[in-house]
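Commentary on secondary and tertiary structure
Here is what each chain is made of, one letter per residue.
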Amino acid sequence: PTVTSPCKILKCNSEFWAATSGSHHLGTEEAPEFCTALRAYAHCTRRTARTCRGDLAYHSAVHGIDDLMMQHNCSKDGPTSQPRLRTLPPGDSQERSDSPEICHYEKSFHKHSAAPNYTHCGLFGDPHLRTFTDTFQTCKVQGAWPLIDNNYLNVQVTNTPVLPGSMATATSKLTIIFKSFQECVDQKVYQAEMDELPAAFADGSKNGGDKHGANSLKITEKVSGQHIEIQAKYIGTTIVVRQVGRYLTFAVRMPEEVVNAVEDRDSQGLYLCLRGCPLNQQIDFQTIRSAQATEGRARRKGPSLPAPPEAFTYETATAKCREKLPVEDLYFQSCVFDLLTTGDVNFMLAAYYAFEDVKMLHSNKDKLHLYERTRDLAPGNAAPSGPPVALGVALLCLSQCWLCLL
């Protein structure tokens, strides 16, 4: 059963947004009022700190408050005010006119240069990760993990076991934080969970807030409860989130310049879309797949072996995946792997939609299909087809030494 989180950071965020919604261009004379709202925001975060430990939105808010206080020379000591009710200008602010040029990535950042190079990252299934560098991995990564963490946005996923005691995990929660950016957008938080795919940000809005370039960040519902798309034009980014069965899939198209916009490069090791999963979290699903196929052939020859507990055999899983994925690439192989490990046909649809998103978001149509295993296997994990290289070198050295002795 779903339990309501005691962390109240989203309430703090929305109260601060309401208190400052009328101040789009804060000058020196407006700083005292803004500082008052910031102190109230900080006080709110302190009240909920104990219940928000480990919450990505909470930690992002705390860092954001510190940055804003320094930018506006705000003292941490001083009056705080209760947030005032947000008043919208005539006509809903979510129906604003065209955004300023700076809030359109291609127009503002590349006026006199070549078009930006776009990259893609996706996460789906049990879970399978395609990184910005087109590396394809199958990972364990149970619990909360950061997919993206750069100067413009954070994306964190939470993966939970598909069945009690099962090694198979899938994405049950997704949090996306769009950081405040110049005159374009306010900080916005999007959260999705199992059986809950909202078509709005956590504060109920569908765009970037009350700034002049608010429409450079918009949420569009494609299929109610199943498919949403977020356009962040100010950073040239498109995000697709789907619920397939009970679990979530994620896909993003992002310019390389934005992908690599990280101040602390030493922390990029936890940026899964850029660096991939840690080696100890990776699964060599192709070796497992080969073992499952071999086991299936042995079962046909030896009727005394017990029937598998899964709903699919290797042959039936292959046939099922071929219905939606006729090309036997890594998406197809992921589909087979997921059906064997979960027995849930929705994982076939997750692989299918993940590939559909690649077709829409990937800028290089020659790289849509991936065929080769791209993870670096730890020693002992590989299933070599011939003598290992090290053994071959050792045998060669021994033979040379034997000739010398003769």
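Residues numbered from 1 in each chain as written. Predicted model: local features only at pLDDT ≥ 70, side-chain atom pairs only at ≥ 80, totals over all residues. Heavy atoms only, no water.

The chain appears in an unreviewed UniProt entry as RGMA protein from Baryphthengus martii. One UniProt comment on the chain, placed under Subcellular location (unreviewed entry), says "Cell membrane". Here the chain is described in UniProt, under the heading Sequence similarities (unreviewed entry), as follows: "Belongs to the repulsive guidance molecule (RGM) family." (UniProt positions renumbered as here; feature names shortened; annotations may be inferred.)

The next point concerns the pattern of salt bridges. Under the definition given, this model contains seven salt bridges. For Arg-130, the salt bridge is made with Asp-134, and the minimal N-O distance between the two is 3.0 Å. One salt bridge connects Glu-356 with Lys-359, and the closest N-O pair in it is separated by 2.9 Å. Taken together, the positions of Glu-356 and Lys-359, both in helix α10 (residues 346-361) and three residues apart, correspond to about one turn of that helix. Note on Glu-356: relative accessible area 25%, which makes it partly exposed. (Salt bridge = Lys/Arg side-chain N within 4 Å of Asp/Glu carboxyl O. Helix = DSSP H or I, 4+ residues; strand = E, 2+ residues; numbered from the N terminus. Buried < 20%, exposed > 50% of the residue type's maximum accessible area, 1.4 Å probe, protein only.)

A few words now on the pairing of strand β6 (residues 169-178). In terms of burial, β6 is largely enclosed, as nine of its ten residues are buried. Pairing geometry for strand β5 (residues 153-161) and β6, over nine bridges, is antiparallel. Within β6, the residue paired with Leu-153 across the bridge is Phe-178. Pairing analysis gives six bridges linking β6 to strand β7 (residues 188-193), with the strands arranged antiparallel. Among the inter-strand pairings, Ile-177 is bridged to a residue of β7, identified as Val-189. (Pairing = 2+ DSSP bridges.)

Take the nonpolar core next. Counting residues in hydrophobic clusters, the biggest one holds 48 residues, and the most contacted among them are Leu-147, Ile-148, Leu-153, Ile-176, Phe-178, Tyr-234 and Phe-250. The element that contributes the greatest number of residues to this core is strand β11 (residues 247-255), accounting for four residues. By size, the runner-up hydrophobic cluster in this structure holds 21 residues, among which are Cys-7, Cys-52, Ala-57 and Val-189. (Core = buried A, V, L, I, M, F, W, Y, C linked by side-chain atoms within 4.5 Å.)

Even without being glycine, Asp-134 reaches a positive phi, approximately 65°. When you line up the elements, Asp-134 lands in the loop between β2 (128-130) and β3 (136-139). On the accessibility criterion, Asp-134 (14% relative accessible area) is buried. Here Val-141, not a glycine, exhibits a phi torsion of approximately 35°, which is positive. Tracing the chain through its elements places Val-141 in the loop between β3 and β4 (143-149).

Here we come to the packing of aromatic side chains. Counting across every chain of the model gives nine aromatic pairs. Aromatic side chains Phe-124 and Tyr-331 sit 5.6 Å apart centroid to centroid with 15° between the ring planes, which places their arrangement in the stacked category. One end of the pair, Phe-124, is in strand β1 (residues 118-124); the other, Tyr-331, is in helix α9 (residues 330-342), with 207 residues separating them in the sequence. Judged on exposure class, the residue Phe-124 and its partner Tyr-331 are both buried. Arranged with centres 5.8 Å apart and planes meeting at 65°, the rings of Tyr-152 and Phe-181 form a pair that is edge-to-face. (Phe/Tyr/Trp six-rings, centres within 6.5 Å; stacked < 30°, edge-to-face > 60°.)

Where strand β8 (residues 217-223) and strand β9 (residues 227-232) come together, six bridges link them in antiparallel fashion. Residue pairing across strands places Lys-218 opposite Gln-231, the latter belonging to β9. In textbook terms, the turn of a hairpin is the stretch between consecutive antiparallel strands, and for β8 and β9 this stretch comprises three residues, one of which, Gly-225, has a positive phi near 75°.

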